[in-house]
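Coordinates in review
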Amino acid sequence: MWTVSRDIDASADAAWHVLADLDAWPKWGPTVSGAELDGSAFELGATGRVWTPVGVPLPFVIDELDQGRSWGWRVAGVPATRHGVHPRDEGCRVWMSAPVWAPGYLPVLTIALRRIEELCAREQELRGP
């Protein structure tokens with residue numbers, strides 16, 4: 001797998017919330033225009049659909065999960081990206097991995113990491129000091 005990461009000034013819990021919140025996926029994922037779970041729990045084996053920017057829904061399954069730390073999925077049966085957070089003394093490190101056959105997707109993941117940082121900063125501003 002190819003991995004990119006970014007240190008952000010937010011708690012690992014705050015970053016995890018953004019990573020696991022399907023309503024937030026279109027806000028940080030350049031290739032996601034919508035997503036929904038078939039059930040209500042973000043858990044191992046959860047299934048749903050993710051919409052591409054051209055409106056095509058693709059089925060997915062969460063096939064890897066360390067709750068609060070990392071998750072991965074298969075989209076349309078194909079191994080896709082992995083996402084995670086690592087706590088640090090100050091803030092956290094958010095990372096994303098693309099399959100070995102998809103290094104061209106790394107710039108997309110880099111954009112997603114920047115957007116996640118921005119979402120976490122906005123959330124922090126709304127909550128105040």
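Rules used in this analysis
Residues numbered from 1 in each chain as written. Predicted model: local features only at pLDDT ≥ 70, side-chain atom pairs only at ≥ 80, totals over all residues. Heavy atoms only, no water. Helix = DSSP H or I, 4+ residues; strand = E, 2+ residues; numbered from the N terminus. Buried < 20%, exposed > 50% of the residue type's maximum accessible area, 1.4 Å probe, protein only. Phe/Tyr/Trp six-rings, centres within 6.5 Å; stacked < 30°, edge-to-face > 60°. Core = buried A, V, L, I, M, F, W, Y, C linked by side-chain atoms within 4.5 Å. Contact = heavy atoms within 4.5 Å. Salt bridge = Lys/Arg side-chain N within 4 Å of Asp/Glu carboxyl O. Expected span 1.5 Å × (residues − 1). Arc of directions from axis to C-beta. Pairing = 2+ DSSP bridges.

1. Looking at the environment of Asp 9
- Counting through the fold element by element, Asp 9 comes out in the loop between strand E1 (2-8) and helix H1 (12-20).
- Accessibility expressed as a relative area gives 59% for Asp 9, which makes it exposed.
- Considering only alpha carbons, one finds Asp 9 and Gln 124, 115 residues apart in sequence, at a separation of 9.6 Å.

2. Structural notes on the packing of aromatic side chains
- A full pass over the atoms with the stated rule returns 7 aromatic pairs.
- Look at Trp 25 and Trp 73: their rings are 5.1 Å apart centre to centre, the planes differ by 70°, and that puts the pair in the edge-to-face class. Here the residue Trp 25 occupies a position in helix H2 (residues 25-28), and Trp 73 occupies one in strand E5 (residues 70-75), the gap between them amounting to 48 residues. Each member of the pair, Trp 25 as well as Trp 73, carries the same accessibility label: buried.
- Ring centres of Phe 42 and Trp 71 lie 5.3 Å apart, and the angle between their planes is 90°; on these two criteria the pair is classed as edge-to-face. With Phe 42 in the loop between strand E2 (34-37) and strand E3 (47-51) and Trp 71 in strand E5, this pair connects stretches of sequence that are 29 residues apart.

3. Some details on the nonpolar core
- Counting 39 residues, the largest nonpolar core has Leu 19, Trp 25, Trp 28, Phe 60, Trp 73 and Val 94 as the members making the most contacts within it.
- Not counting residues up to four positions away in its chain, the partners in contact with Trp 73 are Trp 25, Val 50, Phe 60, Val 61, Ile 62, Asp 63, Val 78, Pro 79, Ala 80, Thr 81, Arg 82 and His 83.

4. Quick look at H1
- Burial of H1 is extensive: 7 of the 9 residues sit out of reach of the surface.
- Ala 12, Ala 14, Ala 15, Trp 16, Val 18, Leu 19 and Ala 20 are the residues of H1 that are buried.

5. Remarks on the pattern of salt bridges
- According to the stated counting rule, one finds 8 salt bridges in the structure shown.
- Residue Arg 93 pairs with Asp 7 through a salt bridge whose shortest N-O separation is 2.7 Å. Taken together, the positions of Arg 93 in strand E7 (residues 92-98) and Asp 7 in strand E1 put the pair 86 residues apart, joining distant regions of the chain.
- What makes Arg 93 partly exposed here is its relative accessible area of 34%.
- The exposure class of Asp 7 is partly exposed, given its relative accessible area of 34%.

6. Examining helix H3 (residues 106-127)
- Taking 1.5 Å as the rise per residue, H3 with 22 residues should run 32 Å; its terminal C-alpha atoms sit 32 Å apart, in good agreement.
- Along H3, the residues classified as buried are Leu 106, Val 108, Leu 109, Ala 112, Leu 113, Ile 116, Leu 119 and Cys 120. Buried residues of H3, seen end-on, are gathered within an arc of 140° and therefore sit on one face of the element. Of the residues in H3, the exposed ones pointing more than 90 degrees away from the buried face are Pro 107 and Glu 125.
- Those residues of H3 that are buried are in contact with E1, H1, H2, strand E6 (78-87) and E7.

7. Comments concerning the pairing of strand E4 (residues 57-66)
- Two strands pair when backbone bridges link them, and E3 and E4 are joined in this way by 5 bridges, in the antiparallel orientation. Each residue of the ladder has a partner; that of Thr 47, found in E4, is Val 61.
- Hairpin remark: E3 followed by E4, antiparallel, with 5 residues in the connecting loop; positive phi at Gly 55, about 90°.
- Relative to E5, E4 runs antiparallel, the two being bridged by 6 bridges. Looking at E5, one finds that Ile 62 is bridged to Trp 73.
- Count of turn residues in the E4/E5 antiparallel hairpin: 3 residues, of which Gly 68 carries a positive phi of about 85°.

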